[in-house]
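Notes for the structure review
Here is how the chains run, residue by residue.
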Amino acid sequence: MGVLKYVKTCIGKLNKLSLSIFNSFHNDIKGLRKKTKTVSNDIGTYQYDIKDIFDVIINSCKDNTSLRDSIDKNSNFNDTYISTPNYWLSKVYELNTFDDMYYKIYQFADSIRKSLYISKNIPLYRLYKKYNIFAGDGTVCKCSFRNEYGKNIASYTISIILNTMNNMIYDYRLCFDNNELSGILNTKLTLSDIIVLDRGYSKLSLIDKLSKRTNFVIRLTRNLMIYKKFIKSGKDCMIINRKGYRIKLIRYYVDKETRIIIKDKYGDNNSEDNDPFFVIATNLIDLTFDEMCELYKKRWEVEVCNKNIKSNFNIRHIVKQSNSSKPINKITFYISLSIMLYNIITLEKKLSEMKYYYQTQKQIEYNFAQHVTLYKQYIKDTINHCDKKNKNDSRT
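Residues numbered from 1 in each chain as written. Predicted model: local features only at pLDDT ≥ 70, side-chain atom pairs only at ≥ 80, totals over all residues. Heavy atoms only, no water.

1. Points about the overall build of the chain
- Summing up its helical and strand segments, the chain has 14 helices and eleven strands in all.
- Residues counted as buried form 49% of the 396 residues belonging to the chain.
- Residue pairs in contact within the chain that sit at least 24 positions apart in sequence constitute 66% of those at least 6 positions apart.
- On the chain, roughly 20,100 Å² of surface is accessible, and the fraction owed to carbon and sulfur atoms is 48%. (Helix = DSSP H or I, 4+ residues; strand = E, 2+ residues; numbered from the N terminus. Buried < 20%, exposed > 50% of the residue type's maximum accessible area, 1.4 Å probe, protein only. Contact = heavy atoms within 4.5 Å. Areas by Shrake-Rupley, 256 points an atom, 1.4 Å probe, with all protein chains shown as cover.)

2. What to know about helix α2 (residues 53–60)
- Within α2, seven of the eight residues are buried, leaving the element largely enclosed by the surrounding structure.
- Among the residues of α2, those classed as buried are I53, F54, D55, V56, I57, I58 and S60.

3. Things to note about the pattern of salt bridges
- Counted by the stated rule, this structure contains 14 salt bridges.
- Between K326 and E94 there is a salt bridge whose closest N-O contact spans 2.9 Å. Of this pair, K326 sits in the loop between β11 (319–320) and α13 (327–360) while E94 sits in the loop between α4 (83–93) and α5 (101–111); the two residues are 232 residues apart in sequence, bridging distant segments of the chain.
- Taking relative accessible area as the criterion, K326 reaches 44% and is therefore assigned partly exposed.
- Note on E94: relative accessible area 42%, which makes it partly exposed.
- Two residues, E303 and R299, come together in a salt bridge whose shortest N-O distance is 3.1 Å. For the pair shown, E303 and R299 are each scored as buried. (Salt bridge = Lys/Arg side-chain N within 4 Å of Asp/Glu carboxyl O.)

4. Details of the environment of I240
- If you trace the backbone, I240 turns up in strand β8 (residues 237–242).
- Relative accessible area serves as the criterion here: at 17%, I240 is assigned to the buried category.
- Put simply, I240 and N283 are 43 residues apart on the chain and 10.0 Å apart in space, counted from C-alpha to C-alpha.
- Sequence-distant contacts of I240, that is, excluding residues within four places in its chain, are made with I226, Y245, R246, I247 and L249.

5. A short note on the pairing of strand β5 (residues 168–175)
- Summarising burial for β5: six of the eight residues are buried, a large majority.
- Judged from the seven bridges that link them, strand β4 (residues 152–163) and β5 form a sheet pairing that is antiparallel. Within β5, the position partnered with N163 by the bridge is M168.
- As consecutive antiparallel partners, β4 and β5 are separated by four residues, and within that stretch N167 has a phi angle of approximately 60 degrees, a positive value. (Pairing = 2+ DSSP bridges.)

6. Some details on the packing of α5 against α13
- At a minimum axis separation of 8 Å, α5 and α13 run at an interaxial angle of 20 degrees. Taken together, α5 and α13 sit at an angle that is classed as roughly parallel. For the pair α5 and α13, the sense of crossing is left-handed. When α5 is examined against α13, the residues M101, Y102, I105, Y106, F108 and A109 are found in contact with a partner set consisting of I339, M340, N343, I344 and L347. (Axes fitted to C-alpha atoms, helices over the stretch in contact; angles between N-to-C directions. Parallel < 35°, antiparallel > 145°, perpendicular 65-115°, else oblique. Left-handed = near helix turned anticlockwise from the far one by under 90°.)

7. Topic: the environment of R113
- Mapped onto the elements of the fold, R113 is located in the loop between α5 and α6 (125–130).
- Given a relative accessible area of 32%, R113 falls into the partly exposed group.
- For the pair R113 and Y6, spaced 107 residues apart in sequence, the C-alpha to C-alpha distance is 9.4 Å.

This is the structure:
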């Protein structure tokens, strides 16, 4: 099969897979419709349904779009008060339709030929053939509610593991205690993987645990004794023994352009990010100096991933106890939906760029935010059209 034909086939399979997931979700919502709610008050008795809850969910999964805005634009609820949609939405949040669906998309992406993602000319080609190269990081989101023990929860962390070959999310964990270290440890990492982490994860206790489960490339922080001894040695590369395994250390000299990017992001003149070099550690001592440097550069891709998720989905929306009876259900639902949408749209964008290249022999990079808007409209139009068609068929 030619490459262009293969890419078109992959696009068709992705569309079929994603539509099957959203069709299942739509059917779950239709199942809730049968469980109508009857409310009596001074005005009269009303029986509520959830006619447009699917469109409300898809549209409210967008940055800076409130539930009220989404309902005003997309809903035909029998009652105009927001309490009624909230009742039905609370039922939707309890559905587990999207649980692990992001991973189903990831598995499909992983089954695609590696040659579409990487070429033999890249510096890390040898390692990509042997390992899954992941970048890990956590992103903090605000909230305001009490947990089951009565403790105030003001924020939570999403710990994300990103595959740097295809930029797909391989695994993630929600940490309502904001413990990023346990979040990373609880993800699915094996000895067939390399996880690249920044200095926030350079705790020796974490490094020791990771060494038993997987391979790591981690930037060390200044306050570690092994960092200080390495700097004092004056060497650019050194191997040390550590509790039954060995760690290779190198000095990674940061170029001026990278330093400017880091400074613009963090804006702290006293930060370790302004150092002329970083100390990088790995338990894969056969890695070359250049490979370790290239691997650490890959860590930046998870930052881009976090930015795309926060900028294009409803993760920045602050979930409060006052507007949600079960805030954890609501947060879990929207995070799982957003992560799944991210994987679908990332892969769809990548395949579309490949299709354009093999048709024209010209490189193009599509806008991620625009792809989000177009894809959500495509999902709504397709699902709603199929629903209307099925209704008409049943009548005839």
